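Descriptive analysis of the structure
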Amino acid sequence: MMLRRVAQLLPALAISTLVSAHGFVQQVTIDGTVYKGNNLNVGTPVPSIIRLVSTNSPVKGSSNPALNCGQDAQFASLVGNANPGSQLEILWVGGTDGTSNWPHNTGPLMHYMAKCDGSCSTYNSTNAEWFKISELGLEADGNTWYQANLSQYCSYFALLALMYSADSRAPANVTIPSALAPGNYLLRAEIISLQLAMSPGGAEFYPACIQLQIGGSQTQGPTSSEECLFPGCYSDNDPGILTPNIYNPPIQYTFPGPPVASFVNTGSSSAAPSPTSTGSASGSSAGTTSTFANGPSSTIIASSTPSPTATGQCMLSSRSTNQDVVKRDSRNKRMHKRRLVRAH
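Just so we're clear, the structure is a prediction, and the values are computed from it rather than from any experiment. (Residues numbered from 1 in each chain as written. Predicted model: local features only at pLDDT ≥ 70, side-chain atom pairs only at ≥ 80, totals over all residues. Heavy atoms only, no water.)

**Description of the packing of aromatic side chains**
The condition that has to hold: Aromatic pairs are defined between Phe, Tyr and Trp rings, using the six-membered ring for Trp, whenever the two ring centres lie within 6.5 Å; interplanar angles under 30 degrees are classed as stacked, those over 60 as edge-to-face, and all others as tilted. Working definition: helices are DSSP H or I runs of at least four residues, strands are E runs of at least two. Numbering for both runs from the N terminus. Each residue gets one of three labels from its accessible area relative to the maximum for its type: buried under 20%, exposed over 50%, partly exposed in between, using a 1.4 Å probe on protein chains only. Distance and angle both matter: a charge sits over a ring if NZ of Lys or CZ of Arg is within 6 Å of the ring centre and within 35 degrees of the ring normal.
For the coordinates displayed, the defined rule picks out nine aromatic pairs. On the basis of an interplanar angle of 65 degrees and a centroid distance of 5.3 Å, the ring pair of W92 and W102 is categorised as edge-to-face. Here the residue W92 occupies a position in strand β5 (residues 87-94), and W102 occupies one in the loop between β6 (100-101) and β7 (109-115), the gap between them amounting to 10 residues. A relative accessible area of 1% means that W102 is categorised as buried. Aromatic pair F230 and Y234: ring centres 5.2 Å apart, planes at 75 degrees, arrangement edge-to-face. For the pair shown, F230 and Y234 are each scored as buried. Put simply, the rings of Y112, W130, F205, F230 and Y234 touch in pairs and so form one group of aromatic residues. Directly above the aromatic system of F230 lies the positively charged group of R188, at a separation of 3.6 Å from the ring centroid.

Written out as structure tokens, the structure reads:
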């Protein structure tokens, strides 16, 4: 019975693998409040704070206008409330309906912000001036990218995860700068996938824009030298975008774009707790605030097509290279195989 069920799932799994080779942001959580996004190709989008893009395919080329907020990004009708020090959890998913995990594992995660002229729900971000608030690259081992945590499965086989509806996805977390002045802001989350970046134009960009209203009474912000435009922040030949030695360890990685804005690192008395790990490679800026963490949500604000809640139960720590863990994993895999045979 079990093997028959596996055989039935194999064609669907093969198709799903092709469709889910790219992805998008499906959900954002702000201090425990969940804001659902829309799956792609929906007829009538539901209200959201996430600007809906037209495709899960990457933006190619550093001069592409879609590098701003994503391909054909639409204004979102809602604005999320946040404060200096607020914790945001950004859930990246694969495919077009959000049922697949994030498919890539090589390249940095970065977050930018830009002030909106008026409400962000009607703000054209073409000429927005972006400043960086976080960047996250390699783990401490210098070989594994933190991006890989987005796509791990708790189960040992992706097929078993599909069969038992096991959800192992975790969000990328980012902290709103604790000294940021109040106002309307776009948060631009970005993954750069580098698996094809050995030649110019090979890097794959995944930008996503989230509409926020920041409260509080802080007064700080970036300097003009820390701001840039999208497109304009990057060049196809920049270190960190053109990476001919990306698979030749030890990896020496330089984050593209401006450094993390200096006021992000100074903070204030109301600053949020510092992250426990940065894992960034050489060339990174201090004050990286992106982490992976388990953050159960408490309130649903807007709902799209139902999707699993991100739990992050197997994403909380870096991948281990300990030999005992490797042996244990191998033993568990053999046990799974024996159970399948006995069930048949």
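Don't stop here, the text continues.
**Examining the confidence of the model for the protein**
As a reminder, the rule being used: On a scale of 0 to 100, pLDDT captures the predictor's confidence in every residue. Every residue pair with non-hydrogen atoms within 4.5 Å of one another is taken to be in contact.
Scored by pLDDT, the protein has a mean of 78; 67% of the residues are at 70 or more. Contacts for the low-pLDDT stretch residues 302-333, under 50 throughout, to residues beyond four places or in other chains number 56 contacts.

**Focus on the pairing of strand β11 (residues 204-214)**
The cut-off we apply is this: A pair of strands is considered paired only if DSSP assigns at least 2 bridges between the two.
Among the 11 residues of β11, 10 are classified as buried, and the element is accordingly described as predominantly covered. Pairing analysis gives two bridges linking strand β3 (residues 59-60) to β11, with the strands arranged antiparallel. Among the inter-strand pairings, V59 is bridged to a residue of β11, identified as F205. Two strands pair when backbone bridges link them, and strand β4 (residues 80-82) and β11 are joined in this way by three bridges, in the parallel orientation. Along β11, the bridge assignment pairs G80 with L212. Summarising the sheet, strand β10 (residues 183-193) and β11 pair through 11 bridges and their orientation is antiparallel. Residue L187 lies in a different strand from β11, and its bridge partner there is I210.

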